Amino acid sequence: MENKVLLQVKDLETTFFTDDGRVPAVDHIDFHINEGEILAIVGESGCGKSVTSLSIMGLVPSPPGKITSGQILLNELDLTKQSEKEMRKIRGKEVAMIFQEPMTSLNPLYTIGNQLTEAILIHNKGMKKKDAANRAIEMMKLVGLPRAEELMKDYPHQLSGGMRQRVMIAMALLCNPKLLIADEPTTALDVTIQAQILKLMKELNKQFKTAVLLITHDLGVVAETCERVIVMYAGQIVEEAPISEIFKNPQHPYTKGLIQSVPDMRYKKETLYSIKGNVPKPGSIQTGCRFAPRCDFAAERCFTENPPLYEVNSSLVHKSRCFLQETEGISIAERAVESR
Ligand SMILES: Nc1ncnc2c1ncn2[C@@H]1O[C@H](COP(=O)(O)OP(=O)(O)OP(=O)(O)O)[C@@H](O)[C@H]1O
Ligand SMILES: [Mg+2]
């Protein structure tokens, strides 16, 4: 399939204005997703993954949050410029999102059938209720829910966690969106169900050509699911690479740490590697590389200068924000200056 860009995020900054000051939770990030592609964003808790997805959906809690710079282009339409009314049309129809805990997105007072049917009717004015119900049943079967007709009459609490997440996926795909954002879709589920849900998302991606932005803190999850991966740290992108490259040839010390901390079932290790220290609070960020205080390779310079994104391999689109690249890679900032 040819690589047509579906979503282009340019220089996005999303800031929270809190009592403690200005917190740039997403700090000038650039990335894109092609039509029909699965892209993963990985990173530890608090690095800005959810704020990135909420920014795309136009759902950043405001106040205290606000998109303070940049563009989010969906097929060239800048989502940051749309009114809430416009965004309501885009959500569900163009871009849909599933969350970590499906119970928070399903209304406990209504049956599954009621909620799915309503969601169909919102975007298909004039459709008969019976037809919407049939479409809901068809969608439930598609996401592998057993006894779909009976489930229509059930309330969310009567379903297991895995079944509820399947309902959420069905709901997200009802209007055949071009982009599905899945924010930690399997974190609340046990390992076997996790694997089933990821397999389902991959199948649906193939069948409907829905592009997927998969957000997770678990590199193990992305290994089997995605084509490309973006690693975030403290609001910034620190590495971007095709999935095979990230495991074979990781460049950023943070990515290397993440890979080392993935449990490998083939080797029974006594203790699992964990990266020392914690992610800095976004507001507290000082000069220099944000990862330097936790980095085994940090030199003096890393504490005073902020490294740009370097091109590791331009034909593979592999980038890393680390001075270790300086001998081999060309800084993307420098390149941009050169081509101006
Ligand atoms: N409502 C809010 N008010 C103030 N600051 C916020 C708010 N929501 C998020 N933040 C800030 O944005 C940062 C990034 O949060 P985000 O939820 O995107 O992290 P995450 O990468 O999704 O983490 P997790 O893996 O735990 O879901 C947080 O560290 C926090 O400082
Ligand atoms: Mg999150």
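Below is a summary of the structure that appears in this document. All of these numbers come straight from a predicted model, not from anything done at the bench.

### Some thoughts on the overall build of the protein
Part 1 of the reasoning: Within the protein, the secondary structure is distributed over 12 helices and 13 strands.
Part 2 of the reasoning: Taken over the C-alpha trace, the protein has a radius of gyration of 21 Å; the compact-globule value for 340 residues is 20 Å, and the two agree within 12%.
Part 3 of the reasoning: Its C-alpha atoms give the protein principal-axis dimensions of roughly 65 × 50 × 45 Å.
Part 4 of the reasoning: The buried share of the protein, taken over its 340 residues, is 49%.

### Focus on the pattern of salt bridges
Part 1 of the reasoning: By the definition in use, this model includes 20 salt bridges.
Part 2 of the reasoning: Notably, a salt bridge pairs E44 with R294, separated by 3.1 Å at the nearest N-O pair. A residue pair is termed long-range when its members are at least 10 positions apart, and E44 in the loop between strand 3 (38–42) and helix 1 (49–57) and R294 in the loop between helix 11 (253–260) and strand 11 (310–313) qualify at 250 residues.
Part 3 of the reasoning: Of the charged contacts in the structure, one is a salt bridge between R301 and E326, with a shortest N-O distance of 2.8 Å. Here E326 lies in the loop between strand 12 (318–320) and strand 13 (330–331) and R301 lies in the loop between helix 11 and strand 11, a separation of 25 residues in the sequence.

### Notes on the environment of N249
Part 1 of the reasoning: Residue placement: N249 occurs in the loop between helix 10 (243–248) and helix 11.
Part 2 of the reasoning: Considering only alpha carbons, one finds N249 and H318, 69 residues apart in sequence, at a separation of 9.8 Å.
Part 3 of the reasoning: If we ignore the near neighbours within four places in the chain, the residues touching N249 are E239 and H318.
Part 4 of the reasoning: Only 2.9 Å separates the side chain of N249 from the side chain of Q251, close enough to count as a polar contact.

### Notes on the pairing of strand 9 (residues 228–233)
Part 1 of the reasoning: The element strand 9 is extensively covered by neighbouring structure, given that 6 of its 6 residues are classed as buried.
Part 2 of the reasoning: Where strand 3 meets strand 9, 4 bridges bridge the pair, whose relative direction is parallel. Within strand 9, the position partnered with A40 by the bridge is V229.
Part 3 of the reasoning: Pairing analysis gives 6 bridges linking strand 9 to strand 10 (residues 236–242), with the strands arranged antiparallel. Bridging across to strand 10, V231 finds its partner in E239.
Part 4 of the reasoning: Turn length for the strand 9-strand 10 hairpin, with the two strands adjacent in sequence and antiparallel, is 2 residues, and the turn residue A234 shows positive phi of about 45°.

### Examining the pairing of strand 1 (residues 5–18)
Part 1 of the reasoning: Sheet topology places strand 1 next to strand 2 (residues 21–34); 11 bridges connect them, and they run antiparallel. Within the sheet, the bridge partner assigned to L12 lies in strand 2 and is I29.
Part 2 of the reasoning: What sits between strand 1 and strand 2 in their antiparallel hairpin is a turn of 2 residues.

Criteria and thresholds
Residues numbered from 1 in each chain as written. Chains lettered and ligands numbered in written order. Predicted model: local features only at pLDDT ≥ 70, side-chain atom pairs only at ≥ 80, totals over all residues. Heavy atoms only, no water. Helix = DSSP H or I, 4+ residues; strand = E, 2+ residues; numbered from the N terminus. Rg over C-alpha atoms; globule rule 2.2 N^0.38 Å. Buried < 20%, exposed > 50% of the residue type's maximum accessible area, 1.4 Å probe, protein only. Salt bridge = Lys/Arg side-chain N within 4 Å of Asp/Glu carboxyl O. Contact = heavy atoms within 4.5 Å. Polar contact = N/O pair within 3.5 Å; in protein donor to acceptor, adjacent residues only side chain to side chain. Pairing = 2+ DSSP bridges.

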